[in-house]
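One-letter residues, chain by chain:
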Amino acid sequence: LWGTSAPEYLDYRQPQKSETEQTCPKAMPQPSKDLVKAPLNPAKSDGKDSGVMATAIAGVLLILYFGMNLLFNIYNKWLFSGPLPAPVFVTATHQAFCFLGALMAAAFAPESWYKRTPLEGSAMWSKLMIIPFGFCLNIGLNNISLLFCTLALNQLIRSFSPVAVAIASYFIEGRTYSYPKQATLGLLVLGICLGVSSSPDFEMLGFLICAASVVGSTLQVVLTGYFMGGQKVTLHVFDILLYTAIPCILFLVPLAYATGDFPKTLAAIEDHGVGRFTGLVIAGGAMAFSYNIITILLIKYTSSVYYAVAGGFKVCLVIGSSFIFFDQQLSMLSLVGIIISCFAFVGNSYLTFKEKQQAKDKVKAKEVSEDQEGLITGKPKVVEAV
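Quick caveat: nothing in here was measured; it's all calculated off a predicted structure.

Participant: Any details on the packing of aromatic side chains? Residues and values, ideally.
Facilitator: Within the structure shown, the criterion is met by 8 aromatic pairs. Ring plane angle 40 degrees and centroid distance 6.5 Å describe the contact between Phe 72 and Tyr 291, whose orientation is recorded as tilted. Of this pair, Phe 72 sits in helix H3 (residues 42-81) while Tyr 291 sits in helix H12 (residues 261-301); the two residues are 219 residues apart in sequence, bridging distant segments of the chain. In this pair, the class of Phe 72 matches that of Tyr 291, namely buried. A centroid spacing of 6.5 Å and a plane angle of 75 degrees characterise the contact between Phe 89 and Phe 262, whose relative ring orientation is edge-to-face. Of this pair, Phe 89 sits in helix H4 (residues 87-108) while Phe 262 is found in helix H12, placing the two residues 173 residues apart along the sequence. A residue is classified by how much of its surface remains accessible, and Phe 262, at 30% relative accessible area, is partly exposed. In this structure an aromatic cluster arises from ring pairing among Tyr 65, Phe 66, Phe 72 and Tyr 291.

Structural data, given as structure tokens:
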């Protein structure tokens, strides 16, 4: 996601010497008594301090990520269940706020933090439009499902996404998975079936809409990989918001009209007044953009793999907290299914983390072997002309 270089304050390289300093070095000064008393390796303690600081920053960002995700989910469920039951319209306003935030970042943020990545060619634009299409099916239908099912069931059904992606990847891309990962996916299916089918809050309409959102999420992931044809395009999160937010709104507006969100919005304005309605919309848009900012910083100070693993624990946190904030019923069999699903989801995220880590290690090992090719074989490396 990060297409920019490291910020200047993270550049630990030594400053370059001028030609005069290199050719005519100054006489070596005699060490003073104060220097003799100094520690032999002060850089070691500085490295420990910087490591502790980086760990502390990552920990704070992780707490903010969990907190903002939980707050955002609870706020949306409360909003759609009462003051503003127009989920598609609200989702469009979220995209508008994200676009304005990304536009401000492109205009005023320093280049060391964010620099817009230009898109080359109409083919890349057409492939990028898969994201708005998948977003409308994924997030749009997910928010609609909150009108008809509880937040716990919503998150439980949404946790089926790794299974759907694995099945689609197998048939479309011919991708295979290790036996441990197949086991976690099987347990995930078992847990979801137990948790959903035995839930006292189960509603077929909400289940079907939420399941359709999972299909939309799967299509977005798999079709993007398929149409990109192995190409690697590095885009910042702000690039994605900048290029896809307006097309997302264009997709969402007809969907909002079809689902009757506009009459509901006018009724909400009449019931609550323009001031409160505006405040509700601004609060949701600010949360949506803040969530993107926190996600960016979390990936920056850790990695995208740690972010994916954190997503597994996030699902468990939202499901558990939903029983505190909302009146939801729970049977013993449903509780067992939820527990199995949470453990399986976290296990699948951990295995995904290990696979990506191993892939990174293989790439690094290959780069090292290519750099040392001339030393090992005694043959000169072949340098391709640029």
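Participant: Just give me the short version of the packing of helix H7 (residues 151-158) against helix H9 (residues 179-197), but keep the residues and values in it.
Facilitator: What describes two packed helices is the angle between their axes and the distance between those same axes. Contact pair H7 / H9: the axes reach a minimum separation of 10 Å and the direction vectors enclose 155 degrees. Of the possible angle classes, the one that applies to H7 and H9 is roughly antiparallel. The way H7 lies across H9 gives a crossing that is left-handed. Within the contact between the two elements, H7 uses Leu 153, Leu 156 and Ile 157 and H9 uses Ile 192, Gly 195 and Val 196. In terms of residue class, the contact of H7 with H9 is built from 5 nonpolar, 1 polar and no charged.

Calculation criteria
- Residues numbered from 1 in each chain as written.
- Predicted model: local features only at pLDDT ≥ 70, side-chain atom pairs only at ≥ 80, totals over all residues.
- Heavy atoms only, no water.
- Phe/Tyr/Trp six-rings, centres within 6.5 Å; stacked < 30°, edge-to-face > 60°.
- Helix = DSSP H or I, 4+ residues; strand = E, 2+ residues; numbered from the N terminus.
- Buried < 20%, exposed > 50% of the residue type's maximum accessible area, 1.4 Å probe, protein only.
- Axes fitted to C-alpha atoms, helices over the stretch in contact; angles between N-to-C directions.
- Parallel < 35°, antiparallel > 145°, perpendicular 65-115°, else oblique.
- Left-handed = near helix turned anticlockwise from the far one by under 90°.
- Contact = heavy atoms within 4.5 Å.
- Nonpolar A, V, L, I, M, F, W, Y, C, P; charged D, E, K, R; others polar.

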